[in-house]
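Close look at the chain arrangement
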Amino acid sequence: MNLTLKIWRQKNQSDKGGFKEYKVSDISKDMSFLEMLDVLNEQLSDKGEDPVHFDHDCREGICGMCSLHINGKPHGPLQTTTCQLHMRSFNDGETITIEPWRATAFPVMKDLVVDRSSFDRIIQAGGYVSVNTGGVPDANEIPIPKRIADEAFDAATCIGCGACVAACKNASAMLFTSAKISQLAMLPQGQVERKERAEKMIAQMDAEGFGACTNTGACSAECPKGISLTNIARMNREYFSAVVSSENV
Amino acid sequence: MIDSKIPPGPIQEKWTQYKASCRLINPANRRKYRVIVVGTGLAGSSCAASLSELGFQVEVFTFHESPRRAHSVAAQGGINAAKDYKNDGDSIWRMFYDTVKGGDFRSREANVYRMAECSLALIDQAVAQGVPFAREYSGYLSNRSFGGVQVSRTFYARGQTGQQLLQGAYQALMRQSQIGNVRLHTRHEMMDLWVEEGKAKGIVARNLDTGEIKLHVADAVVLATGGYGKIYYLSTLAMNCNASAIWRAHKQGAFFAAPSWTQFHPTSLPQMGDYQSKLTLMSESLRNDGRIWVPIKSGDNRPPHEIPEEERDYYLERKYPSYGNLAPRDISSRAAKEQIDNGHGVGPMNNAVYLDFKDAINRDGKTAIEKRYGNLFYMYKKITGMDAFKEPMLISPSAHFSMGGLWVDYELMSNLEGLFVLGEANFADHGANRLGANSLLQACVDGYFISPHTIMNYLAGEKPIEDPKPELSHEIIDTNQKRLDNLLAIQGNKTAEEFHKELGKILYNKCGLIREKQTLLKAKTELKNLRDSFYKELLVPKGSSLNFELEKAARMEDYLELAQLIVEDALQREESCGAHFRAEHQTPDGEAKRNDNEFQFVSVWEILENGNHNLHKEHLDFESIKVSERSYK
Ligand SMILES: Cc1cc2nc3c(=O)[nH]c(=O)nc-3n(C[C@H](O)[C@H](O)[C@H](O)COP(=O)(O)OP(=O)(O)OC[C@H]3O[C@@H](n4cnc5c(N)ncnc54)[C@H](O)[C@@H]3O)c2cc1C
Ligand code: SF4
Ligand code: FES
């Protein structure tokens, strides 16, 4: 296949940035999208130009590193991560537009690389069970009904890629935050800190500059792990019950 | 010279005794000590969090943008523990024995026993953190069996056990960075180890965003930087996995053990074209129902469904009737390579074997198979465009896990005092072949349960460090800056990636699944030539701040040096054991032939001033079990 690539180039955080066009040829349909970009980068290096910087690592759809807004969609046309997208999803002669995630809380570092440390700070605010190493009960002393375990697991599959934020017109991080809050709220281990956790994580999410949720559902539709909107509803319930009970005190 | 510091006493009591007698530090004094932890995979995150909980100051470094991205995240299959929840005869002893045997009697008995012993508490710890292991309808935890053993001791979390365990460790780490004494340095790459009077006292790290290189001092340094299987280029590892941290420590005096022991995973997807950057792992569990075969006629290019039953060779079932398609990894991988080398390889590049579900589908029905492996079949289709319900999967062996790594003693401390090495980065527990689902365990146990005790024991004998004199720190920073400047100055015409691909080819062909003296010698020459051309032809685009190509080039430089030691190590070991198969040393029916009289030791390499290497031997004494032939027939 021969393709035209319209790629966002930006030298550093303070640079204004802009699109640049490149051509690649002889692309095999079995290549992954990132391997296609590898080909472009070899080409640029051979010409002495700076290769396009993009995030990636495992290339197996699990580490959450890869990103890219491809033709207006986070992770491209399929509901998967960019590293798991193959060129058979595109047509010969096509022009593909590639941009970084766009969100105030995800500043662009260079080209297509963004800084997602805001997600870490949301977890830091309370996305855990406060248990130290050692002194815990036998694992089978905490039986958990399979239905609940499975539901909590669905929420736990979030890989922290940020596509939900990139998909949302308000750049809201509700899907990401609610996935962790839900997972722990459903499990017996997470009960003790349930209210405090919801309050703190949501406060941090707001402090990072993520937008509000207007229930369009774009996040879940683009999430490569299919994290469900019910998590957001659950988070809202957790939050309101937390606020109400702390006002009572 | 090699002292593994194994505590005296019966094997069942060594660790208990050690803990009872190791030195402690008063809680109020702990905050005076600072420990650097490099790496935030299972080993690093768990160690850092646990040390901070005890009250130590912890500085954590990772080149990743977030601790949660470490490659532990990619582990699919599961984690072993001798809980015996199944009542199927499992015990610490059995797990210990399986692991030593699986490693072909080339691991240190006392360490392996301790790993099995600590496995029980690890599952408890993970569940308490909220790690969602698979459960039965009763609400209790579920187990499955994994290659090379006869009990079901593997705990799992769908196909993402690593991601779920890492979430647990990451969350513990993030909690400590909020309430405790952890300081995170993400996007920082360790470039060098700082050694003072023979003791590790800090690291040199480069801020990848700004390019700034700085010395960070501490009272002890922990390296938990993962495996280096990516040196083979095509592998199941992440693109950025590297050996730089341990290699730089090695160059500062830390011994490197068994560098050539690399595990090749039998069920990864084969290479489909030259552009390919990695090989995706398909879970080993597929071997429970899939049958592996190749056409009997070499060069047979007919599509699989046109090859009649009598013209197929189910070679694992034929050669290993009692384990069949479930033979251990090293054996399955080597058998596949033999078939491929003898012209029986299938697929577009004739580099694969078939994993066929036809009989399982006929036996159990499509629905049952879909229920068991649906997500894997779906992933296979997404990557290859092929439907495994209709035609057999194509699989091939791929570089996967490094049993080798920095040498450590029973305390997980290197010969350089104050340098602790955890997880896949050390050599300790897996011998010459790792059993599936044991390495997540090792990484966790090293970090949560072992290193917190042994590090405290070490620190108790140290006076808290002061910042070094500025002249000294300038020198090591300059050396490291110059190193990068030199790489930038070459301005040739070949990228680091291109060198990496060439390096991978040399290692796969000449120091991979099958090794032989003559080809190893050839590899030595080729590696030397490749290194020479690296310093003439490398091309790194200018730019000292965020520059991925510069990061790759520096890692590549280290890989090129390590590759030479890998080949040296493979040459020196005139026997076959586990993943190390020397063609000259095999039984008449083609099985690995160990030489216990001469090689019952771990090869431990010391680097000399002139860059050459000196071999030390750590003899392996088996006091608790009888060394036997490792047979799976
Ligand atoms: C695809 C795959 C599947 C697997 N499946 C299983 C399984 O089912 N069961 C099992 O038991 N094992 C499995 N393994 C093996 C297991 O996952 C690893 O051995 C284990 O997770 C290693 O953990 P670790 O903490 O030692 O290293 P890692 O998780 O690799 O972490 C390394 C860390 O070091 C950091 N780092 C490295 N170099 C530097 C540097 N120079 N400067 C700064 N930071 C650095 C990285 O950023 C990272 O944070 C699998 C491995 C792979 C590749
Ligand atoms: S919720 Fe989905 S899209 Fe958002 S970070 Fe998690 S995996 Fe990515
Ligand atoms: S590179 Fe890891 S999820 Fe895509």
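An account of the accompanying structure is given in this report. For every chain, the first residue of its written sequence is number 1, and the numbers climb from 1 along that sequence. Chains and ligands are labelled by the order in which they are written, letters from A for the one and numbers from 1 for the other. Reporting in this predicted model follows two pLDDT cut-offs: at least 70 for local features of residues, and 80 or more for side-chain atom pairs to be given and counted; totals over whole chains, interfaces and linings ignore these cut-offs and use all residues.

1. Structural notes on the overall build of chain B
- Secondary structure elements follow DSSP: runs of H or I of four or more residues count as helices, runs of E of two or more count as strands, with numbering from the N terminus. In terms of regular secondary structure, chain B is built from 17 helices and 19 strands.
- Over its C-alpha trace chain B gives a radius of gyration of 24 Å, about what one expects of a compact globule, namely 26 Å for 633 residues.
- In terms of principal-axis extent, the alpha carbons of chain B reach across some 75 × 60 × 50 Å.
- Evaluated residue by residue, chain B yields a buried proportion of 59% over its 633 residues.
- Placing C-beta atoms from the backbone, we regard two residues as in contact once those atoms come within 7 Å. Taking all contacts inside chain B whose residues are at least 6 apart in sequence as the whole, residues at least 24 apart take part in 73%. Atoms counted for the radius of gyration: C-alpha only. Globule rule: 2.2 Å times residue count to the power 0.38. Here a residue counts as buried when 20 or more other C-beta atoms fall within 10 Å of its C-beta, as exposed when 12 or fewer do, and as partly exposed in between; the C-beta atoms come from the backbone.

2. Details of the overall build of chain A
- Across its full length, chain A carries eight helices and seven strands.
- Each of the three principal axes of chain A carries a C-alpha extent, and together these read 65 × 40 × 35 Å.
- Taken across its 249 residues, chain A has 51% of its residues classed as buried.
- Sequence-distant contacts in chain A: of pairs separated by 6 or more residues, those separated by 24 or more amount to 70%.

3. Details of the site of ligand 1
Residue and element names in this part refer to chain B.
- Should the C-beta atom of a residue, placed from the backbone, lie within 6 Å of a molecule or strand, that residue is near it. Around ligand 1 there are 44 residues in total, and G39, G41, G77, G226 and G423 lie nearest to it.
- Sort the elements by how many residues they give to the shell around ligand 1 and helix α12 (residues 439-459) lands first, with four residues.
- Residue polarity follows a fixed list, in which Ala, Val, Leu, Ile, Met, Phe, Trp, Tyr, Cys and Pro are nonpolar, Asp, Glu, Lys and Arg are charged, and the others, Gly among them, are polar. Looking at the shell around ligand 1, its residues break down into 20 nonpolar, 22 polar and two charged.

4. Overview of the pairing of strand β19 (residues 613-619) of chain B
Residues and elements named next belong to chain B.
- In this description, strands pair whenever DSSP reports at least two bridges between them. For strand β18 (residues 601-607) and β19, the ladder comprises seven bridges, and the chain directions are antiparallel. Its bridge partner being in β19, V602 is matched across the sheet by E618.
- Where β18 folds back on β19, the antiparallel hairpin that results is connected by five residues, among which G611 adopts a positive phi of roughly 90°.

5. Let's talk about the interface of chain B and chain A
- Contacts between the two partners involve 59 residues from chain B, matched on the other side by 61 residues from chain A.
- At the level of elements, α3 (42-54), α5 (109-129), α6 (161-179) and α16 (548-572) of chain B are the ones that each hand at least two residues to the side of chain B that touches chain A.
- Per-element tally for the side of chain B that touches chain A: the top contributor is α6(B), with nine residues.
- Partitioned by chemical class, the residues of the side of chain B that touches chain A number 21 nonpolar, 25 polar and 13 charged.

6. A look at the environment of Q79(A)
All names here are of chain A.
- By the secondary structure assignment, Q79 is in the loop between β4 (73-74) and β5 (95-99).
- Judged by C-beta crowding, with 16 C-beta atoms within 10 Å, Q79 ranks as partly exposed.
- When residues no more than four places from it in sequence are discounted, the contact partners of Q79 are E222, P224 and G226.

Function cannot be inferred from these measures alone, as they are strictly geometric.
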